[in-house]
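# Remarks on the overall topology
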Amino acid sequence: DSGVTQTPKHLITATGQRVTLRCSPRSGDLSVYWYQQSLDQGLQFLIQYYNGEERAKGNILERFSAQQFPDLHSELNLSSLELGDSALYFCASSVLAGAGTDTQYFGPGTRLTVL
Amino acid sequence: GENVEQHPSTLSVQEGDSAVIKCTYSDSASNYFPWYKQELGKGPQLIIDIRSNVGEKKDQRIAVTLNKTAKHFSLHITETQPEDSAVYFCAAARSGSARQLTFGSGTQLTVLP
C-alpha cells in the first residue's frame, strides 16, 4: 500500500458526460501528479500540482482540468467524454516538487470506461 | 521532449534465471531514472531508482545500471521468482521544480516455475 488513495475505483459513464476523479496524497506529500494509462499510449503524464498551485502540464486535453485543495487532495475533472478517454487514471504524490529525493508513489488508479 | 524506449516488450524466464530489461532515453538533461513494477489491477510500485551521479545501484536481487554517455539504463533481476511476474516500466525525469516522469512502454515479465 503506497498511502495514496483514489476514488472511485471504477467509473462507467456515457459519451458527452463529465466525471470527477479524486486523489488523496500520502501524509506529508505536497505534490500530486496525474497520469493516464491506455493500451495505445502507455503511461502519460497529465498535470502536476504542488501545494495548491499548478506546476507542470503534460499531454492534458483542454476538456480535462484539475485542482489541488487546501487539504492537499486533488481532483481531476474530465468533461465532454469520448470513447477514447477510456483508460486507467493514476494519481501519484511526492514530498516536494523536483527535489533530489522526490520519489513518486502511485495510487491504485481509477478505471474509467466511456460507453 | 523526452522519449524513453524500452526493450523487450515481453520476456519469459525460468524461475531462478536472471532477467534484464533495457531502456534508452533521449534528453541528456534527464538525471533521475526510476523503475516501477505494476501487477494486474494495481498502480505502479517503485522498486528501485538511480540518479545520474551513480553508475550502479543494488537492492537485494534487483540492480540498475546507468550509462549516461550512451543514454541507456538497465534493470537486472537475479534469481527470479514467480512473484516477480508483472509489467515493469522504466522512466526518466529531469531535476527541477516539476519532475514529471516520461515512461517507457513496459515489459511484461513472466517467470515460469
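Calculation rules
Residues numbered from 1 in each chain as written. Chains lettered and ligands numbered in written order. Predicted model: local features only at pLDDT ≥ 70, side-chain atom pairs only at ≥ 80, totals over all residues. Heavy atoms only, no water. Pairing = 2+ DSSP bridges. Helix = DSSP H or I, 4+ residues; strand = E, 2+ residues; numbered from the N terminus. Axes fitted to C-alpha atoms, helices over the stretch in contact; angles between N-to-C directions. Buried < 20%, exposed > 50% of the residue type's maximum accessible area, 1.4 Å probe, protein only. Polar contact = N/O pair within 3.5 Å; in protein donor to acceptor, adjacent residues only side chain to side chain. Contact = heavy atoms within 4.5 Å. Core = buried A, V, L, I, M, F, W, Y, C linked by side-chain atoms within 4.5 Å.

## Brief notes about the sheet that holds strand 1 (residues 5-7) of chain A
Residues and elements named next belong to chain A.
- Reading across the sheet, the four strands line up as 1-3-8-7 and stay open at both edges, with antiparallel pairing between neighbours. Of all strands in the sheet, those with a lone pairing partner are strand 1 and strand 7 (64-68), marking the two edges. Strand-to-strand twist of the sheet, defined as the mean angle between neighbouring strand axes without regard to direction, takes the value 15 degrees.
- In the sheet, strand 3 (residues 19-24) pairs with strand 8 (residues 74-78) via five bridges, with the strands oriented antiparallel. In the sheet register, Cys-23 faces strand 8, and the bridge partner there is Ser-74.

## A look at the side chain of Gln-37 of chain A
- Summarising the element assignment, Gln-37 of chain A is placed in strand 4 (residues 31-38).
- Relative accessible area serves as the criterion here: at 13%, Gln-37 of chain A is assigned to the buried category.
- Within the structure, the side chain of Gln-37 of chain A is placed 2.9 Å from the side chain of Gln-38 of chain B, a separation counted as a polar contact.
- Excluding residues that lie within four positions of it along the chain, Gln-37 of chain A makes contacts with Gly-42, Leu-43, Ala-87, Leu-88 and Phe-90 of chain A together with Gln-38 and Phe-89 of chain B.

## Some remarks on the environment of Lys-68 of chain B
Residues and elements named next belong to chain B.
- Along the polypeptide, Lys-68 turns up in the loop between strand 7 (62-67) and strand 8 (72-77).
- Classification of Lys-68 as partly exposed rests on a relative accessible area of 33%.
- When the C-alpha atoms of Lys-68 and Ala-29 are compared, they prove to be 9.9 Å apart, with 39 residues separating the residues in sequence.
- Among all residues touching Lys-68, those that are not within four sequence positions of it are Tyr-25, Ser-28, Ser-30 and Ser-52.
- Here Ser-30 takes part through its backbone oxygen, which lies 3.4 Å from a polar atom of the side chain of Lys-68.

## Considerations on the nonpolar core
- Trp-35, Phe-73, Leu-75, Tyr-88 and Leu-109 of chain B are the most contacted members of the largest nonpolar core, which has 24 residues in total.
- Among the secondary structure elements, those contributing two or more residues to this core are strand 2 (10-14), strand 3 (19-25), strand 4 (32-38), strand 5 (45-51), strand 7, strand 8, strand 9 (86-92) and strand 11 (107-112) of chain B.
- By size, the runner-up hydrophobic cluster in this structure holds 21 residues, among which are Cys-23, Ile-60, Leu-112 and Val-114 of chain A.

## Considering the environment of Ser-79 of chain A
All names here are of chain A.
- Within the secondary structure, Ser-79 sits in the loop between strand 8 and strand 9 (87-94).
- For the pair Ser-79 and Arg-18, spaced 61 residues apart in sequence, the C-alpha separation works out to 4.1 Å.
- The residues touching Ser-79, leaving out its near neighbours within four places in the chain, are Gln-17, Arg-18, Arg-63 and Phe-64.
- Within the structure, the side chain of Ser-79 is placed 2.8 Å from the backbone oxygen of Arg-63, a separation counted as a polar contact.

Function cannot be read off these values alone, since they describe shape.
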